[in-house]
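Remarks on the overall topology
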Amino acid sequence: MSELLLNQFEQDRALAALRYKNLNIRKLFGKSVFIAGGGEPAFSLVSSLLTVNSKKQADIAVFLLVSDYERYDRRFDFINSSDFAIVKYSSPDSINKSGDILIETGFLLSDKVESTDVFKSNISRAENIISVIKVLKIKEFVVLSDASAYGKLEKELVISEKEKTHSDFSSDSLKSMLIQSVENLYFSAAHMYGFSIKVIRCGKIISANSNSEFVVNTLKSAVGGKILNIKNRSSKVSYISANDLISAVLFVACNGAECQAYNACSDDSTVNSAEFALALSDAFENCEVNITSEGCSADGCAVDCTRLKKLGWSSTVNYKDALLISGHEIMNDNSVFMFSDSYDGKLNDIQQILLGFLLEVDRICKKHNIKYFLGGGSLLGAVRHKGFIPWDDDADVMMLRKDYDRFLSVLPSELPNYLFAQTQENEKDSHFPFTKLRINNTLLSTEFTSRFPNIHNGIFLDVLAQDYTSNNAFLRKIHMKATASSRWLVLDKWRGTSVKANSRFSSLCANILRKIFPLGFLQKVQNKLISLHKNMKNPKYLFDSMGRNVSRGAFPAEWLDEAIWVDFENAKLPIPKEYDKYLKYLYGDYMEMIPVSERHVSHDIKQIDLGEYAGYIYKDTL
């Protein structure tokens, strides 16, 4: 199939199926999947399934099912893929094949149902869908419905799937009656014609193209700097991020039970309209909120996800992140999105300090003719961004073992007194296999390191060795496995957790070793394995012995033979000449950025104090 041309926000939603580990998406491989409805949920589902095809060769045949007169999102017309086709209600037999799954997304109503014409059109639509199901001989039918099916709830009530509510007939209850009527029609047809049916009742969708007028209008007002007039005593309503919606629909399609209804909302997303608007005000600095008795409010229900959670589904994007993402999608300014509130607004300061760190390492290495390279995310940032990855919060340099040892040997005489080299030798409570350079009188402790108050927890830069391994493929594999195992043993012993290996037997053996041997002994074994081949002649392979990529195995030593100097922020720093091969080894398609919803900083920081370096701007060195 051809690659989809998606912007960064569309791409984020398209990757939902691949990012969710419990989804069991393989159940859809080789199937024919029809998506009814032509709005945002339909487009995201189609692009998500086509992305699965592209990445996993899943051979899913994807069809958009629309009525002859239905207006659908024009983005569908630009999908150029042999795996996708648009099919009209009037000619479903034109594709000359039966269908496996049909997902109905067109039954998501706006906030109000104010006329019987809406009733008629939706009942008619449901009858057309049932007719198509019969023609295509659909086996499984998934209906994306609305949590408003439960009607008007008492102010503090949060409802589960099995619970019932009772509403008096009035114009306020038209929407819930319509949803219940269409759902009942679908369930009756499933019983009559023998197809499986599952229903997902979702909260209000947080998206730039949400079906909720309240969500879209408040997002546009917040982005545009307009005042939001919000009702002060509205009932609570549940919301769902567009990412969670896609994962929930596909999760139910793959794992849900027949003839069941499932509620779907994001975690901590059940809030009243005032709380919703204040979250928007926090996300967008020009947004002002007035809480009044005459303001607008969302029309919906407060639900929980009892059945979905019990099956194993969980939310991945909270509603506050979803608000920020959707607002920036509405802005449509083509800038690279990132979450900007990281580290209490100090991320830019930290990156400037890290740049000073890198220049200090560069000074020492140039003076002593020590070869080094930017490593990990710093290398990726140099190539892709000509500096730091916008949401990156650390810096890494890497060296061959001989250069690493020489670097450590000159540090006592070269390191300024405001920097500290944290190693296993000079700090008994530190068991990192690599060297951390830290700044005195600062604090940047992670969730993990904050548990050890006796180690230096200042702002840090990581210095890692790349070690040689055997030229023999079999011995190389054993060396990789043994080194990775020793690394996990040390780490789990240090943090007091059990080892979780690939099998129960391996886990049992590893945990017996972890309990029997003291940490110091395990650390010596680890260090011996890491540098086992450092004196070998004519080595052909290296591996990331100290870093996170030890499990990726070995790579040709020639990739780190030579350095080239490239732009990095306002400096020139070295990267491997064969950076393309090395980055593909680390990341695969390294020019493809991580999804929008994951662009948070990588470390879970518990304490931060920049001391005198607050507001630091790179000039030459620290």
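Values in this document were obtained by computation on a predicted structure and should not be read as measured data.

Parameters and conventions
- Residues numbered from 1 in each chain as written.
- Predicted model: local features only at pLDDT ≥ 70, side-chain atom pairs only at ≥ 80, totals over all residues.
- Heavy atoms only, no water.
- Helix = DSSP H or I, 4+ residues; strand = E, 2+ residues; numbered from the N terminus.
- Rg over C-alpha atoms; globule rule 2.2 N^0.38 Å.
- Buried < 20%, exposed > 50% of the residue type's maximum accessible area, 1.4 Å probe, protein only.
- Contact = heavy atoms within 4.5 Å.
- Areas by Shrake-Rupley, 256 points an atom, 1.4 Å probe, with all protein chains shown as cover.
- Lys, Arg positive; Asp, Glu negative; His and termini not counted.
- Charge placed at Lys NZ, Arg CZ, Asp CG, Glu CD.
- Phe/Tyr/Trp six-rings, centres within 6.5 Å; stacked < 30°, edge-to-face > 60°.
- Salt bridge = Lys/Arg side-chain N within 4 Å of Asp/Glu carboxyl O.
- Expected span 1.5 Å × (residues − 1).
- Patch = residues over 30% accessible without salt bridge, like charges linked within 9 Å, V, L, I, M, F, W, Y side chains within 5 Å.
- Axes fitted to C-alpha atoms, helices over the stretch in contact; angles between N-to-C directions.
- Parallel < 35°, antiparallel > 145°, perpendicular 65-115°, else oblique.
- Left-handed = near helix turned anticlockwise from the far one by under 90°.
- Pairing = 2+ DSSP bridges.

A short note on the overall build of the chain
If you tally the helices and strands in the chain, you get 17 helices and 23 strands. Here the chain has a C-alpha radius of gyration of 28 Å; the compact-globule value for 622 residues is 25 Å, and the two agree. Out of the 622 residues in the chain, the part that is buried amounts to 55%. Long-range pairs, those at least 24 residues apart, make up 77% of the contacts in the chain between residues at least 6 apart in sequence. Only carbon and sulfur atoms are counted for the fraction: they give 48% of the accessible area of the chain, which is about 28800 Å². Computed over 74 positive and 75 negative side-chain charges, the separation of the two mean positions in the chain equals 7 Å.

Structural notes on the packing of aromatic side chains
When we look at a pair of aromatic rings, we describe it by the centre distance and by the angle of the planes. Under the criterion given, the structure shown has 25 aromatic pairs. Relative to Tyr319, the ring of Tyr239 has its centre 6.5 Å away and its plane inclined at 20°; by these criteria the two rings are stacked. Here Tyr239 is found in strand β9 (residues 237-241), whereas its partner Tyr319 is found in helix α10 (residues 319-331), with 80 residues between them in sequence. For Tyr239, a relative accessible area of 0% corresponds to the buried category. Here Tyr319 falls in the buried class, since its relative accessible area comes to 5%.

Some thoughts on the pattern of salt bridges
Per the stated rule, a full pass over the model turns up 29 salt bridges. The residue Glu104 makes a salt bridge to Arg125 at a minimum N-O spacing of 2.7 Å. Residue Glu104 is located in strand β4 (residues 101-104), and its partner Arg125 is located in helix α4 (residues 116-136); the two are separated by 21 residues in the primary sequence. As far as the burial class goes, Glu104 and Arg125 line up, both buried.

Some remarks on helix α3 (residues 40-56)
With 17 residues, α3 should cover 24 Å at 1.5 Å per step; its first-to-last C-alpha distance of 24 Å lies within 8% of that length. Of all the 17 residues making up α3, 14 are buried; the element is thus mostly covered by neighbouring parts of the structure. Of the residues one or two after α3, Gln57 is the one with positive phi, at around 50°.

A few points about a nonpolar patch on the surface
Taken together, Phe474, Leu475 and Ile478 make up a surface patch of nonpolar side chains, about 320 Å² in accessible area. Tracing the chain through its elements places Ile478 in helix α14 (residues 473-495). Given the relative accessible area of 43%, Ile478 is considered partly exposed.

Topic: the packing of α14 against helix α16 (residues 519-530)
The description of two packed helices rests on the angle between their axes and on the distance between the axes. Orientation of α14 relative to α16, taken along the N-to-C sense of each, is 150°, at an axis distance of 9 Å. Here α14 is positioned roughly antiparallel relative to α16, judged by the angle of their axes. Crossing handedness for the pair α14 and α16: left-handed. Touching His479, Ala482, Thr483, Ser486, Arg487, Leu489, Val490, Lys493 and Trp494 of α14 are Leu519, Leu522, Gln523, Gln526, Leu529 and Ile530, all from α16.

Side note on the pairing of strand β22 (residues 571-576)
Extensive coverage of β22 is indicated by the burial of five of its six residues. Across six bridges, strand β21 (residues 563-568) lies against β22 in antiparallel orientation. Across the sheet, Phe568 pairs through a bridge with Ala571, a residue of β22. Here β21 folds back onto β22, and the loop between the two strands holds two residues, one of which, Glu569, carries a positive phi near 55°.

Shape descriptors only; they carry no functional weight alone.
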